Amino acid sequence: MGLKESLHNFKEKNKDKKWLPAFSAIHTFLYLPNETTHNGTHIKVADDLKRTMNTVIMAMVPCLIFGMFNAGYQHNLQVGEVQAAAGSFFSSEFWTMANFMIGFWKILPLVIVSYGVGLGIEFIFAIIKGHEVEEGYLVTGMLVPLIVPVDIPLWMLAVAVVFGVVIGKEVFGGTGMNILNPALTIRAFLFFAYPTWMSGDKVWVEGAVERTKEIAAGANLDAISGETILGSLAQGKEAGYEVMDMFLGFIPGSVGETSALLILLGGLFLIFAKIGSWRIMLSSVIGALVMGLIFNQVVDSGWITESSKFYGLMSTVWWHHLLIGGFAFGTVFMATDPVTASQTNKGKWIYGFFVGFISIMIRVFNPAYPEGVMLAILLMNVFAPTIDHYVVQGNVKKRKKRLKAKVA
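Computed from a predicted structure; not experimentally measured. (Residues numbered from 1 in each chain as written. Predicted model: local features only at pLDDT ≥ 70, side-chain atom pairs only at ≥ 80, totals over all residues. Heavy atoms only, no water.)

1. Considering a positive patch on the surface
Stated formally: Patches here: salt-bridge-free residues with over 30% relative accessible area, like charges joined within 9 Å, nonpolar side chains (Val, Leu, Ile, Met, Phe, Trp, Tyr) joined within 5 Å. The Shrake-Rupley method, run with a 1.4 Å probe sphere, supplies the accessible areas, and residue values consider only the shown protein chains as cover. Here, a salt bridge means any Lys or Arg side-chain nitrogen found within 4 Å of an Asp or Glu carboxyl oxygen. By the counting scheme adopted, Arg and Lys are positive, Glu and Asp are negative, and His together with the chain ends is not counted. Each charge is placed at NZ for Lys, CZ for Arg, CG for Asp and CD for Glu. Put simply, DSSP marks the helices as runs of H or I at least four residues long and the strands as runs of E at least two long, and each gets a number from the N terminus on.
A grouping of Lys346, Lys397, Lys398, Arg399, Lys400, Lys401, Arg402, Lys404 and Lys406 is seen on the molecular surface, where their side chains present a positively charged patch. Per element, the largest residue contribution to the positive patch is 8 residues, and it comes from helix 16 (residues 373-407). Following the sequence through the fold, lysine 404 ends up in helix 16.

Next comes the structure, spelled out in structure tokens:
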């Protein structure tokens, strides 16, 4: 008897046990359930929800590994241990074991806390409510460490995960029932509850906060500055990085959001696997570009001057908005969330366009928080059901008109 059959038999013998949902979660993670349909749909394929989630995680793994190298690179660059990486993606200054180990030991705890706390809550809810452990947190657990600063305290992350899973998902009924994207709910909680750890110029480079404390205590050290491009532009400064650096990801930022190249490859992989919505991704990019062009036109027309607090971000070259901040990551991995995004094809175009359009609008008009994609996606999550409703009603009206025309 093989392991698969043994596990299945063990599960059958313990059907009435309270802890069975916890066992089933591990069982079905390893094997497809050995079940046969008795009614309804009789076609089953291998890509169930758990394996769909695993595919999304695979698309994010390159961002995670790159984030580990980048965390160490940004730190070592600030303390003068390495030279700035050249324009090539395979720069020898970037892909070093020293860079990786710094990032690895900073980011691995974020991953462990995210999965440990989030899945722990999922298991508790499953056992109490007597249902199978839902797979939704598999992706959320990977998203969370990728969208936070590398130096975020672990206890803050744990508190935010508890809030995001319980308030953002379980109170609505669990996976598939939530209105807001759970990962962005967690990030929004962190931003509003602990804003000094989610913004400013000290949280994006490993060691910058600690070095600031040491200097304040009297240590004779050079300060570490990790200001992001958006932070610089919001203050009217130059971006300070070449376009190729922005595209490759050799810039400060949230752990997994810096490399537009790897995010693009992840998005293409999801589209190829028929998991990510290309309509949402493309329309979001179009919306961002339209908003960027409008702002550039406002600057070119002389409607605002360099003394305006909006000038820095408003005068940013329209397509550069795609390469900086968390726009690319949010568009590919979070705006396309199949639960919280629009479901109809036309609705996806509308939903995605406004995600991009509003992201750049918030980015420009809110210098205190120049990263707008989080708020834009959460806002459009709320409107997604309304968009789908009017799209469906529009189709119903069209069909009724066609029917009347045929009868007449």
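2. Some details on unusual backbone geometry
Most peptide bonds adopt trans geometry, and most residues besides glycine take a negative phi value. Put simply, the test is: Each residue gets one of three labels from its accessible area relative to the maximum for its type: buried under 20%, exposed over 50%, partly exposed in between, using a 1.4 Å probe on protein chains only.
The backbone phi angle of lysine 274 is positive, close to 60 degrees, even though this residue is not glycine. In this structure lysine 274 comes out as exposed when scored by relative accessible area, which is 75%.

3. Quick look at the pattern of salt bridges
Counted by the stated rule, this structure contains 3 salt bridges. Measuring nitrogen to oxygen at the nearest pair gives 3.0 Å for the salt bridge that ties lysine 106 to aspartate 151. Within this pair, whereas lysine 106 is found in helix 4 (residues 97-129), its partner aspartate 151 is found in the loop between helix 5 (137-146) and helix 6 (154-168), the two being separated by 45 residues in sequence. Between lysine 169 and glutamate 122 there is a salt bridge; the shortest N-O distance is 2.5 Å. Here lysine 169, found in the loop between helix 6 and helix 7 (182-193), pairs with glutamate 122, found in helix 4; they are 47 residues apart in sequence, far enough to count as distant. Of the two residues, lysine 169 and glutamate 122, both sit in the buried class.

4. Observations concerning the environment of glycine 312
What counts is decided by this rule: The contact criterion used is simple: two residues touch if any of their non-hydrogen atoms lie within 4.5 Å.
By the secondary structure assignment, glycine 312 is in helix 13 (residues 311-314). Along the primary structure glycine 312 and glycine 330 are separated by 18 residues, whereas in three dimensions their C-alpha atoms are 22 Å apart. In this structure glycine 312 touches Leu233 and Gly236, once residues within four positions along its chain are discounted.

5. Let's talk about the packing of aromatic side chains
Cut-off, in case you're wondering: Pairing of aromatic rings covers Phe, Tyr and Trp, the last through its six-membered ring, and needs centres within 6.5 Å; plane angles under 30 degrees mean stacked, over 60 mean edge-to-face, and all others mean tilted.
Inspection of the entire model under this criterion finds 26 aromatic pairs. Summarising the aromatic geometry, the rings of tryptophan 278 and tryptophan 349 are spaced 5.6 Å apart at their centres and angled 85 degrees between planes, so their arrangement reads as edge-to-face. A residue pair is termed long-range when its members are at least 10 positions apart, and tryptophan 278 in helix 12 (residues 278-300) and tryptophan 349 in helix 15 (residues 345-365) qualify at 71 residues. With a centroid separation of 5.6 Å and 90 degrees between ring planes, the pair formed by phenylalanine 353 and phenylalanine 354 is classed as edge-to-face. In this structure phenylalanine 353 comes out as partly exposed when scored by relative accessible area, which is 25%.

6. Quick look at the packing of helix 11 (residues 260-272) against helix 14 (residues 327-334)
Going by this rule: Throughout, an axis means a line fitted to C-alpha atoms (over the contacting stretch in the case of helices), and angles, computed between N-to-C directions, take values from 0 to 180 degrees. Orientation is classified from the angle alone, with under 35 degrees giving roughly parallel, over 145 giving roughly antiparallel, 65 to 115 giving roughly perpendicular, and any other angle giving oblique. Each helix crossing is assigned a hand: it is left-handed if the near helix lies turned anticlockwise from the far helix by less than a right angle, otherwise right-handed if that turn is clockwise.
The contact between helix 11 and helix 14 brings their axes to 10 Å, and the two run at 15 degrees. With respect to each other, helix 11 and helix 14 are oriented roughly parallel. With respect to the hand of their crossing, helix 11 and helix 14 are arranged in left-handed fashion. When helix 11 is examined against helix 14, the residues Ile263, Gly266, Gly267 and Leu270 are found in contact with a partner set consisting of Ala328, Phe329, Val332 and Phe333.

7. A few points about the side chain of glutamine 74
The cut-off we apply is this: Side-chain atoms alone can form a polar contact between residues adjacent in sequence; in general such a contact is a pair of N or O atoms within 3.5 Å, and within protein one must be able to donate a hydrogen while the other accepts it.
Residue position: glutamine 74 is located in helix 3 (residues 49-78). By relative accessible area, glutamine 74 is classed as buried at 3%. There is a polar contact of 3.4 Å between the side chain of glutamine 74 and the backbone oxygen of isoleucine 251. Other than its neighbours up to four places away in sequence, glutamine 74 contacts Val205, Tyr241, Phe250, Ile251 and Pro252.

8. With respect to the side chain of threonine 331
When you line up the elements, threonine 331 lands in helix 14. The exposure class assigned to threonine 331 is buried, which follows from its relative accessible area of 3%. Ignoring sequence-local partners within four residues, the contact set of threonine 331 consists of Met281, Ser284 and Thr336.

9. Overview of helix 11
Let me state the cut-off plainly: By definition here, a helix of n residues has an expected span of 1.5 Å times n minus one.
Counted at 1.5 Å a residue, the expected span for helix 11 with its 13 residues is 18 Å, and the 18 Å between its end C-alpha atoms agrees. Among all positions of helix 11, only Ala260, Leu261, Leu262, Ile263, Gly266, Gly267 and Leu270 are buried. Where helix 11 is buried, its residues contact helix 3, helix 10 (243-248), helix 12 and helix 14.

10. Some points on a nonpolar patch on the surface
A cluster of nonpolar residues, Ile167, Val171, Phe172, Met177, Ile179, Leu379, Val382 and Phe383, forms a patch on the protein surface that exposes about 710 Å² of accessible area. Per-element accounting of the nonpolar patch gives the leading share, 3 residues, to helix 16. Considering the arrangement of structural elements, one finds phenylalanine 172 in the loop between helix 6 and helix 7.

11. Section: the nonpolar core
Filter applied, for reference: To form a nonpolar core, buried Ala, Val, Leu, Ile, Met, Phe, Trp, Tyr and Cys residues must be joined to one another through side-chain atoms within 4.5 Å.
Counting 82 residues, the largest nonpolar core has Met60, Leu190, Phe329, Phe333 and Tyr351 as the members making the most contacts within it. Among the elements that take part in this core, helix 3 stands out by supplying 12 residues, more than any other. Not counting residues within four places of it along the chain, the set of residues in contact with tyrosine 351 comprises Ile280, Ala335, Thr340, Ala341, Ser342, Ile377, Met380, Asn381, Ala384 and Ile387. Counting 24 residues, the second largest nonpolar core, distinct from the first, contains Leu230, Ala239, Met291 and Leu313.

None of this, on its own, says anything about what the molecule does.
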